[in-house]
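Descriptive structure summary
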Amino acid sequence: MQNIDVVALCGSLRSASLNRRVIRLAQEVMPAHMAIEELDWRAVPVLDADDLARGFPAPVAALRERIRAADAVLIATPEYNFSIPGGLKNLIDWLSRGDDQPFNEKPVAIVTASPGPVGGARVQYDLRKVLLFMNAMPLAKPEVFIGGAAAKFDADTGACTDAATRDFVAKQMAALARWVQVVQRMHGAA
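Notes on the structure in this doc start here. On a predicted model such as this, the values are computed, not experimentally measured, just so you know. (Residues numbered from 1 in each chain as written. Predicted model: local features only at pLDDT ≥ 70, side-chain atom pairs only at ≥ 80, totals over all residues. Heavy atoms only, no water.)

What to know about helix 5 (residues 121–133)
- Between its first and last C-alpha, helix 5 extends 19 Å over 13 residues, near the 18 Å set by a 1.5 Å rise per residue.
- Along helix 5, the positions that sit buried rather than exposed are Ala121, Val123, Gln124, Leu127, Arg128, Val130 and Leu131.
- Lining the buried residues of helix 5 we find strand 3 (72–77), helix 4 (86–95), strand 4 (107–113), strand 5 (137–138) and strand 6 (144–146).
- Just downstream of helix 5, Asn135 is the residue with a positive phi angle, here 65°. (Helix = DSSP H or I, 4+ residues; strand = E, 2+ residues; numbered from the N terminus. Expected span 1.5 Å × (residues − 1). Buried < 20%, exposed > 50% of the residue type's maximum accessible area, 1.4 Å probe, protein only. Contact = heavy atoms within 4.5 Å.)

Below you can see the structure in the form of structure tokens.
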């Protein structure tokens, strides 16, 4: 079976973010032929058309190339004010610039975790709209919304303590592996 290279973007920069814990959980439960690397985007500046006119800043250029080289992207994000966190939206705006933007026809899985009961549903739908505009290939199902997430991860270790959450994320990672293969077949690459 072909190895699947996935890059992950966390919508929160906080080191103890629930969504960063979800990325670690995905790394634990992913299929054996998958690898997930979380990308650090702290150095990405606020999008400025004057900066863009001079070319992509080095952190943006590096992220664009790493995403382009990956087979898929996993986005784990909180919901801020019923939508996409500003920093993540800024990152996506940078990445989307240019005819060669790296999300074009790229399989993407979205997972959201929130201390609240809805689990980030609203951010997922806004993020899907943005990704579809960029011609990405978002995984439709299973959708994973982790509500009450603070109680599902150990406060000290960050490990997931909820069997149902582990199962949901494992199923999504297996579905992402299958989705990558489907998208590759659609493009004659497999």
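So, the nonpolar core
- Residues Leu74 and Leu176 are the most contacted members of the largest nonpolar core, which totals 30 residues.
- Breaking this core down by element, the ones donating at least two residues are strand 1 (4–10), helix 1 (18–29), strand 2 (34–38), strand 3, strand 4, strand 6 and helix 6 (163–186).
- Not counting residues up to four positions away in its chain, the partners in contact with Leu176 are Val6, Met34, Ala72, Pro107, Val108, Ala109 and Leu139.
- In terms of nonpolar packing, the next biggest core, distinct from the first, is built from 26 residues, Ile84, Leu95, Phe103 and Val123 among them. (Core = buried A, V, L, I, M, F, W, Y, C linked by side-chain atoms within 4.5 Å.)

A closer look at the pairing of strand 3
- Counting buried positions along strand 3 yields six of six residues, so the element is predominantly enclosed.
- Here strand 3 shows two buried faces, one formed by Ala72, Leu74 and Ala76 and the other by Val73, Ile75 and Thr77.
- The pairing of strand 1 with strand 3 spans five bridges and is parallel. Bridge pairing in strand 3 places Val7 opposite Val73.
- In this structure, strand 3 lies alongside strand 4, joined through five bridges in parallel fashion. Residue pairing across strands places Ala76 opposite Val111, the latter belonging to strand 4. (Pairing = 2+ DSSP bridges.)

Honestly, it's all geometry; don't read function into it.
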